[in-house]
Each structure stands twice: as structure tokens, then as C-alpha cells.
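Here's the letter readout for the chains.
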Amino acid sequence: MTGLFELLGLGASAELLSLSGWGGNLLRGLANSLQIAFGAFGLGLVIGLFGAYGKLYGGKVTRDLLAIYTTVIRAVPELVLILILYYVGSDIINKISEAMGGGRVEINGVAAGIWVLGVVQGAYATEVLRGAIKAVPVGQIEAAKSYGMPAFMIMRRVTIPAMMSFAVPGLANLWLIATKDTALLAVVGFNELTLETRQAASSTRAYFTFFLAAGFLYLMVTLCSGAVFARVEKWARRGQPSLKGGAR
Amino acid sequence: MDTAAAAASSPETDTRREAIRVEDLHKSFGNLEVLKGVDLTAHQGDVVAIIGGSGSGKSTMLRCINFLETPSSGKIVIGGEEVVMRGDGSPANQKQIERIRTKLAMVFQQFNLWTHRTLLENVIEVPVHVLKVPKAEAIARAHELLNRVGLGGKEDTYPAYLSGGQQQRAAIARALAVDPSAMLFDEPTSALDPELVGEVLTVIRDLAAEGRTMLLVTHEMKFAREVANHVVYLYQGRIEEQGPPAEVFGNPQSDRLKQFLSSVA
Ligand SMILES: Nc1ncnc2c1ncn2[C@@H]1O[C@H](COP(=O)(O)OP(=O)(O)OP(=O)(O)O)[C@@H](O)[C@H]1O
Ligand SMILES: [Mg+2]
């Protein structure tokens, strides 16, 4: 029994994963990852909402620009985009800083991560939300118009709540992608969960332990997200008879 | 300005004030001219029934009145206030049209209740958010109105859980909640199962009896004859014939109206 325990190195693992040691680093990495995923998802939502409205109701120029944005972002591999956006972004900031007489600026990793992933998320969110807005029965929007609601109020009180049930499944996917895409930020040296794991693993040679632990953390994030989104979806679908019970 | 002269020329001399006036209304969808110059006046308390074949432009006319559809040309005057239009027929002043729309409550063929809101929320939505009525007051009034249309106790139900007739009655309560100066009905019973038509007509009949101004597009000829005091027959975008129901239904002049009436009878 003890032999098996030793064989798997679990005793050693427990020690390695202790919070004061590498385990703490992993959790800090997770916190960073979540922070970025959260920010990027939020930024993506904002971009997506403007993008969707722009695509649906904007003028020709707006629509063309948005088409370029969503097409390019969705065509280029995310890893490449992250490298481009990260280096282009920091380059621009430094150019501006130098032009204004300042020196080189240290780019805040979290902010950079949010901006890079947010731009990527925004492209997908634009499409998710555009589809959801189009799925809202026109009659509901007409009713709002016919009772004198101004355009912004219609968006806030009718279109957005009514489109939620169509948007939530797609947005849940986007959120999970956001949590996983944070791992790609390792290439620009950002201390998120994957990079922390790699460092811990290579320093201790306990690859199996650390990557298993990281995998477990990602799994927990997914499971918790699933539970949260299930509730959100239930709320968004209020007023709609369930598909299961409603087969009459 | 001379007030005496103004008074003499004002429509106050007609005891009933004008609610809706449409002059020379044209509407085209692309090359298809759907309305070819419609004139119509409804005074306060009038119940105007609009009848006509499918595609004759009844819905389009009703929708032009509150600018859900942009007229191609013409003039629309609501409660004495002319809607300022641009050259292309679109309202020049969005605020004006929004204000006028709150006085014209529309009831749709497909009810168009907001499905993510309960009946109570549907009824208080416009009073609270558009008309800025205090919420408690709006809720009290909503209870009254829902009771009135026979939906007391259904306040917290979502529209999808109700029958078509109940949904349409809720939509009528929503319309009444804005205290409209005129109501626009577009075939309010056409989407209903036959056994549910009666309950909705009863509510509308009730409203007519209390002197509500309404424009009512309908295929229910018997009902139109009973509640309307003016009937308009639309044929291919023009008013072919109009008058009191007894005249229009009892003694139709044009062959088209005769044919139409015999086809729907
Ligand atoms: N948005 C639109 N675009 C193009 N054509 C339209 C549009 N709305 C209506 N039409 C056309 O205008 C004509 C009149 O339509 P309208 O809906 O006003 O008829 P209606 O008298 O209400 O008919 P029904 O009794 O079937 O409701 C029809 O030929 C219809 O196809
Ligand atoms: Mg119609």
C-alpha cells in the first residue's frame, strides 16, 4: 500500500503542491488566468454588443469595417493574433509614450492579456449577439416602438432581455474558450496558470504532478462555469415553456 | 391673433373633436404602390372599421398612422397635431413621433406581448418607463385593467403560458394602460381559434360602448356592423366606399364591395 503510494509519488506531490510552495504559484497563476478571462470576456461582450448593433443597423462603412474585423480575427489562429496584438499594442504604447517625452513603458500583463483576448472574443461575441438579436421576434420590437419607446430604451428593455435566451449558450462557450485561451498568453511570458505550471514542473521535474494539478484546476473552472451558466440560462429563458415538458 | 376668429374657424364648432386625420396618404414598397391616396378622419368616440380583401393595404394604412411604416407622402394629424415629415415621409422629429405614439395604442394580430415579462410587467412597462408614472400607481392601475379584461389572478403569469385569447386580452390591457386617445386594432382576432374570438370581441365591444376612439381592421363583418359607426372599404390601396355600417353593409354601391361582402358572408 505504502509502496504504491510511494510509486505514484503522491507523498512527494502533496509536499510539492503545498500552498507555501509551488502549489501557491499555481493558484496565483489561476487567479491571473481568471482575472484575464473575466476581463477579456467582459470586453468581448461590450465589443460584441456594439459590433452586433453596428452590423445590423450601422451604415455601409461601419458594416464593412466590422466585417473585416470579424473575418480577420476569426480567420487567423489565436496564437498568431496574440503575438501580433501584444507586440503591436506594446509598440504603439511605447511610440506614444516616447512621442510625449516619456521613456519605455512597462506593459501591465493583466491589462495586455485582457486587451488581446478581448479583441479576439469581441469578434466571436459580435456574431453570437448578432444572431441572437436577429432571433428576437420583430413583433416585440414593433410593439415597443408603437408605444413610443426611444431606440435606446428598446435596446435596454426589450431587445437585450429578449435575445438573452438565444445568446447564453453561445456566450457560455465563449467564456470557456476565454479561460482556456489565457494559456496562450504564456508565449508572451505572462504568468498565468499554464506558464506557472511549466515553471514548477521543469524546476522540480515533477511534470506529471503539476500538469495533472493544472488540468484539474481547469476542469474545476469549467464545472463551476457550467453550473453558473445553467442558472443564467434558466433565468434568461424565463417565460418560455421548457422544451422537455412543453411537447403538447 | 384675433381669438374670436380663431375660435370660429376651429373645429370646436363640431362638438366632437378630431382624433385622427389622414390626408392623401401614399405608400409604396419599392415599385409596389400599396396605398394610393387615402383620406380618413376619425373623431373622438368614433369606431371606424376598416374592411377589405387581403393585400388591399389595411395593415399598411394602420401602421402608417403611427409611423411603424414610413409613408411615401401625405399628411397625418393626430389630435390636432400634424406629424412633421421629411421629404421622404419619415418623421422629421423623432421626439414628436415618440410622444404621439404614446397616445395611439396599437393591438396587433399576433399580440406581440413581451415574452420575458409577466402580464403585470407587460402592462406597467410603458406607463413606468415611457410615461414615468410612479410604479405603485401603475401597478394598481394594471391590476384594475387586468381584472377588467378578465385576467385577474394571472398577473404573474408569462404570456407563453396563456391561450391566444388571454394573450390578446392582456395586450388590450397593455394598450389601455397608456390611457390612449385612440386605439389601433389590426385584425385582433384573426390569429385566434374560433372559440376564443368571442371573448376578445366582448372586450372590444365594451371599449366601443364607453366611447373609446378606435380604428379597427377586421374580417369579422358582423362585429364591424355592430360596433362601428363608420365603415371604410379599402380596395387596392384606395377607399372604394365608406359610410355608416347600415349603408355600407345594407346597401353597398360598388360592385367590388358587393362582391367582397358576398365572398366573406
Ligand atoms: N414590408 C413590406 N415590404 C413589401 N411589401 C409589403 C410590405 N408590407 C406589406 N407589403 C405588401 O403590401 C400589400 C398590402 O399589405 P397589407 O398588409 O397592408 O394588406 P392587408 O390589407 O392588411 O392584408 P391582410 O388582410 O392579408 O392582412 C401586400 O401586397 C403586401 O404584400
Ligand atoms: Mg393585414
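In this text the structure is predicted, and so the values were computed from the model without any measurement.

Turning our eyes to something else, we now look at the overall build of chain B. Along its length, chain B carries 10 helices and 10 strands. Relative to its length of 265 residues, chain B is compact, with a C-alpha radius of gyration of 19 Å against a globular reference of 18 Å. Considered along the principal axes of its C-alpha atoms, chain B spans approximately 55 × 50 × 40 Å. Here chain B holds 265 residues, and 53% of them are scored as buried. Residue pairs in contact within chain B that sit at least 24 positions apart in sequence constitute 63% of those at least 6 positions apart. By element, 47% of the accessible surface of chain B is carried by carbon and sulfur atoms, the whole surface being about 11600 Å². Side-chain charges of chain B comprise 28 positive and 34 negative groups, with the mean position of each set lying 3 Å from the other.

All names here are of chain B. Taken together, 13 residues surround ligand 1, and among them Ser54, Gly55, Lys58, Ser59 and Thr60 come closest. A distance of 3.3 Å is found between an oxygen atom of ligand 1 and a backbone nitrogen or oxygen belonging to Ser56. Between an oxygen atom of ligand 1 and a side-chain N or O atom of His219, the distance comes to 3.4 Å. When the free accessible area of ligand 1 is taken as 630 Å², the share hidden by the protein chains comes to 60%. At the level of secondary structure, the elements contributing two or more residues to the shell around ligand 1 comprise β2 (32-43) and α2 (58-65). Taken together, the residues that form the shell around ligand 1 break down as 3 nonpolar, 8 polar and 2 charged.

Take the pattern of salt bridges next. Working definition: two side chains of opposite charge can pair if their charged atoms are close together. Under the counting rule described, the total for this entry stands at 21 salt bridges over all chains. Among the salt bridges present, the one from Arg130(A) reaches Glu127(A), with a minimum N-O distance of 3.0 Å. In this pair, Arg130(A) and Glu127(A) both sit in helix α6 (residues 109-135), 3 residues apart, roughly one turn of the helix. For Arg130(A), a relative accessible area of 26% corresponds to the partly exposed category. Arg141(B) is the salt-bridge partner of Glu144(B), the closest N and O atoms lying 3.5 Å from each other. Taken together, the positions of Glu144(B) and Arg141(B), both in helix α5 (residues 135-148) and 3 residues apart, correspond to about one turn of that helix.

Before going further, it helps to spend a moment on the packing of aromatic side chains. All names here are of chain A. Applying the stated rule across the entire model yields 6 aromatic pairs over all chains. On the basis of an interplanar angle of 85° and a centroid distance of 5.7 Å, the ring pair of Phe38 and Trp175 is categorised as edge-to-face. Here the residue Phe38 occupies a position in helix α3 (residues 22-57), and Trp175 occupies one in helix α8 (residues 151-181), the gap between them amounting to 137 residues. The exposure class assigned to Phe38 is exposed, which follows from its relative accessible area of 61%. In this structure Trp175 comes out as buried when scored by relative accessible area, which is 9%. Residues Phe41 and Trp175 carry aromatic rings whose centres are separated by 5.6 Å and whose planes lie at 75° to one another, so their mutual orientation is edge-to-face. Linking Phe41 in helix α3 with Trp175 in helix α8, this pair joins segments that are 134 residues apart in sequence. With respect to burial, Phe41 and Trp175 carry one shared label: buried. Among the aromatic side chains, those forming a connected cluster through ring pairs are Phe38, Phe41, Trp175 and Phe229.

This next bit is on a nonpolar patch on the surface. A cluster of nonpolar side chains, Leu79(A), Val80(A), Leu83(A), Ile84(A), Tyr87(A), Val88(A), Ile92(A), Ile96(A), Met100(A) and Val187(A), forms an exposed patch at the surface whose accessible area comes to about 890 Å². In this fold, Val88(A) is placed in helix α5 (residues 78-99).

Every contact between the two is made by 28 residues of chain B and, on the other side, 22 residues of chain A. Each partner contributes to the roughly 2200 Å² buried at the junction of chain B and chain A, and carbon and sulfur atoms together form 55% of this total. In this structure, the connection of chain B to chain A is made through 2 salt bridges. Measuring nitrogen to oxygen at the nearest pair gives 2.7 Å for the salt bridge that ties Glu125(B) to Arg157(A). The tally of links from chain B across to chain A stands at 9 residue pairs in polar contact (both at pLDDT 80 or more). Within the residue set of the side of chain B that touches chain A, elements represented by two or more residues are α3 (94-101), β6 (104-107), α4 (119-129) and α6 (164-176) of chain B.

Moving on to empty space enclosed by the protein. Overall, the coordinates contain 1 cavity of 30 Å³ or more when judged by the stated rule. Taken as a whole, the largest cavity encloses approximately 30 Å³ of empty space. Surrounding the largest cavity, Pro161(A), Ala162(A), Ser165(A), Ala236(A), Arg238(A), Gln240(A), Thr115(B) and His116(B) form its lining.

Turning next to the layout of surface pockets. Space inside the largest pocket adds up to approximately 420 Å³. Tyr57(A), Ile141(A), Lys145(A), Ile154(A) and Thr159(A) are, among the 19 residues lining the largest pocket, the residues nearest its centre. Those elements giving two or more residues to the lining of the largest pocket turn out to be α3, α6, α7 (138-146) and α8 of chain A together with α3 of chain B. The leading source of residues in the lining of the largest pocket is α8(A), at 5 residues. Classifying every residue of the lining of the largest pocket by side-chain character gives 12 nonpolar, 2 polar and 5 charged. Put simply, the second largest pocket is a space of about 200 Å³.

Attention shifts here to the sheet that holds strand β9 (residues 230-235) of chain B. Residues and elements named next belong to chain B. Pairing in this open sheet of 6 strands is mixed, and the strands run β6-β7-β8-β3-β9-β10 from one edge to the other. Both edges of this open sheet fall to β6 and β10 (238-243), since each of them pairs with a single strand only. In this sheet, adjacent strand axes meet at a mean angle of 20° when their direction is disregarded. Looking at chain direction, strand β3 (residues 47-52) and β9 are connected through 5 bridges and run parallel. The residue of β9 that forms the bridge with Gly52 is Leu234.

For the rest of this paragraph, the subject is the sheet that holds strand β4 (residues 73-78) of chain B. Residue and element names in this part refer to chain B. Read from one edge of the open sheet, 4 strands run β2-β1-β4-β5, paired in antiparallel fashion. The two strands at the open ends of the sheet, each matched to only one other strand, are β2 and β5 (81-82). Examined bridge by bridge, strand β1 (residues 18-29) and β4 share 5 bridges and lie antiparallel to one another. Within β4, the residue paired with His26 across the bridge is Ser73.

About the cut-offs
Residues numbered from 1 in each chain as written. Chains lettered and ligands numbered in written order. Predicted model: local features only at pLDDT ≥ 70, side-chain atom pairs only at ≥ 80, totals over all residues. Heavy atoms only, no water. Helix = DSSP H or I, 4+ residues; strand = E, 2+ residues; numbered from the N terminus. Rg over C-alpha atoms; globule rule 2.2 N^0.38 Å. Buried < 20%, exposed > 50% of the residue type's maximum accessible area, 1.4 Å probe, protein only. Contact = heavy atoms within 4.5 Å. Areas by Shrake-Rupley, 256 points an atom, 1.4 Å probe, with all protein chains shown as cover. Lys, Arg positive; Asp, Glu negative; His and termini not counted. Charge placed at Lys NZ, Arg CZ, Asp CG, Glu CD. Near = heavy atom within 4 Å. Polar contact = N/O pair within 3.5 Å; in protein donor to acceptor, adjacent residues only side chain to side chain. Nonpolar A, V, L, I, M, F, W, Y, C, P; charged D, E, K, R; others polar. Salt bridge = Lys/Arg side-chain N within 4 Å of Asp/Glu carboxyl O. Phe/Tyr/Trp six-rings, centres within 6.5 Å; stacked < 30°, edge-to-face > 60°. Patch = residues over 30% accessible without salt bridge, like charges linked within 9 Å, V, L, I, M, F, W, Y side chains within 5 Å. Buried area = accessible area lost by both parts, 1.4 Å probe. 1 Å grid on protein atoms, 1.4 Å probe; cavity = no way out; pocket = protein on both sides within 12 Å on 5 of 7 lines; lining within 4 Å. Points joined across faces, edges and corners; volume = space filled by probe spheres on them. Pairing = 2+ DSSP bridges. Axes fitted to C-alpha atoms, helices over the stretch in contact; angles between N-to-C directions.

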